[in-house]
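Coordinates in review
So you can see what is in the structure, the chains are spelled out below.
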Amino acid sequence: MSLEALRNALPEYAKDQKLNLGSLSTEPSLNQQQRAGCFIVSALASRNAVVSKHIVAEFGPQLSVEALNAAKAAASIMGMNNIYYRFTHLVHGDYATMPAKLRMNIMARPGVEKVDFELWSLAVSAINGCGMCMESHEKVLLQHGVTKEQVQAAVRIAAVVHATAATLDAEAALAA
């Protein structure tokens, strides 16, 4: 399994996604670890088994064992945090001032540089649509010297990987 196999699995009408997957796989504004991690967290957050298998097969070998585990942890913890913090942001009342009482230890020691974990968390937050989390991660990234182009690249990867998953889900549903 590889990125090329994933691109080949897309229907002809998704030609733009095929092209975007190819160009983003060599996105120059991100280093190899950042780029590979963005692809992996985006695939995991998109919840499509085919996309996850192909993306992890392609980009997993580009990461150390620790970085791959950190990417998986970013997808996992943001799956929880995005739901909770989107709720506190959208529902009026005292929820935003109440302690979350959710364990988030991985964020303190993710096993990779904080910037990379934040970038991956931003990508997942974009897929999950948590504005509060996106703003928070973007702020931390910019404070740590990440450029707006790098932030945009992470979100572009998230958008294309998620669209790929949605397309394959739709095709599977129509074929069933």
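Just so we're clear, the structure is a prediction, and the values are computed from it rather than from any experiment.

1. Thoughts on helix α4 (residues 49-59)
Looking at α4, one finds that the buried residues are Val51, Ser52, His54, Ile55 and Phe59. Packed against the buried residues of α4 are α1 (3-9), α3 (32-46) and α8 (148-175). At the N-terminal end of α4, a side-chain oxygen is found 2.9 Å from the backbone nitrogen of Val50, two or three residues along, and the residue is Asn48.

2. Description of the pattern of salt bridges
For the structure on display, the rule yields 3 salt bridges. Here Arg7 and Glu4 are joined by a salt bridge, their closest N and O atoms 3.3 Å apart. Here Glu4 and Arg7 lie together in helix α1, a separation of 3 residues that amounts to about one turn. Taking the relative accessible area as the measure of exposure, Glu4 reaches 43% and is therefore partly exposed. Linking Glu118 and Lys114 is a salt bridge whose minimum nitrogen-to-oxygen distance equals 3.1 Å.

3. Details of the nonpolar core
Judged by nonpolar contacts, the single largest core of 47 residues is most densely connected at Leu21, Phe39, Val41, Val51, Ile55 and Trp120. Put simply, the parts of the chain that give this core at least two residues each are α1, α2 (15-24), α3, α4, α5 (65-90), α6 (114-128) and α8. Filtering out sequence-adjacent residues up to four positions away, Ile55 remains in contact with Leu3, Leu6, Phe39, Ile40, Ala43 and Gly60.

4. Observations regarding a nonpolar patch on the surface
A cluster of nonpolar side chains, namely Phe87, Leu90, Val91, Tyr95 and Met98, defines an oily patch on the protein surface of about 450 Å² accessible area. Its location among the elements puts Tyr95 in the loop between α5 and α6.

5. Let's talk about the packing of α6 against helix α7 (residues 131-143)
One way to put it is that α6 packs onto α7 with a least axis distance of 9 Å and a crossing angle of 155°. As judged from the angle between their axes, α6 and α7 are roughly antiparallel. Our pair here, α6 against α7, has a crossing hand that is left-handed. Side by side, α6 and α7 meet where Lys114, Val115, Glu118, Leu119, Ser121, Leu122, Ser125 and Ala126 of the first sit next to Cys133, Met134, His137, Glu138, Val140 and Leu141 of the second.

How each quantity is defined
- All residue numbers here refer to positions counted from 1 along the written sequence of the relevant chain.
- Restriction of local features to residues with pLDDT of at least 70 applies here, the model being predicted, together with a cutoff of 80 or more for giving and counting side-chain atom pairs; totals for whole chains, interfaces and linings are based on all residues.
- To get the side-chain values, take all heavy atoms of the structure and skip hydrogens and water.
- When accessible area is computed with a 1.4 Å probe and restricted to protein chains, residues below 20% of their type maximum are described as buried, those above 50% as exposed, and intermediate ones as partly exposed.
- Secondary structure elements follow DSSP: runs of H or I no shorter than four residues count as helices, runs of E no shorter than two count as strands, and numbering proceeds from the N terminus.
- Any two residues whose heavy atoms approach within 4.5 Å at even a single point are treated as in contact.
- Whenever two N or O atoms come within 3.5 Å, that pair is a polar contact, provided that in protein one can donate a hydrogen and the other can accept it, and provided that, for residues adjacent in sequence, both atoms are side-chain atoms.
- A carboxyl oxygen of Asp or Glu within 4 Å of a side-chain nitrogen of Lys or Arg is what we treat as a salt bridge.
- We call a set of buried residues a nonpolar core when its members are Ala, Val, Leu, Ile, Met, Phe, Trp, Tyr or Cys and they connect through side-chain atoms within 4.5 Å of each other.
- Residues enter patches when their relative accessible area tops 30% and they take part in no salt bridge; the joining distance is 9 Å for like charges and 5 Å for the nonpolar side chains Val, Leu, Ile, Met, Phe, Trp and Tyr.
- The accessible surface values rely on the Shrake-Rupley method and a 1.4 Å probe; as for residues, cover is taken only from the protein chains in view.
- Inter-axis angles, ranging from 0 to 180 degrees, are taken between N-to-C directions of lines fitted to C-alpha atoms, where helices are fitted over the stretch in contact.
- Any angle from 65 to 115 degrees is called roughly perpendicular, while one under 35 is roughly parallel, one over 145 is roughly antiparallel, and all others are oblique.
- For any pair of crossing helices, the crossing counts as left-handed if the nearer helix is rotated counterclockwise from the farther one by less than a right angle, and right-handed if it is rotated clockwise.

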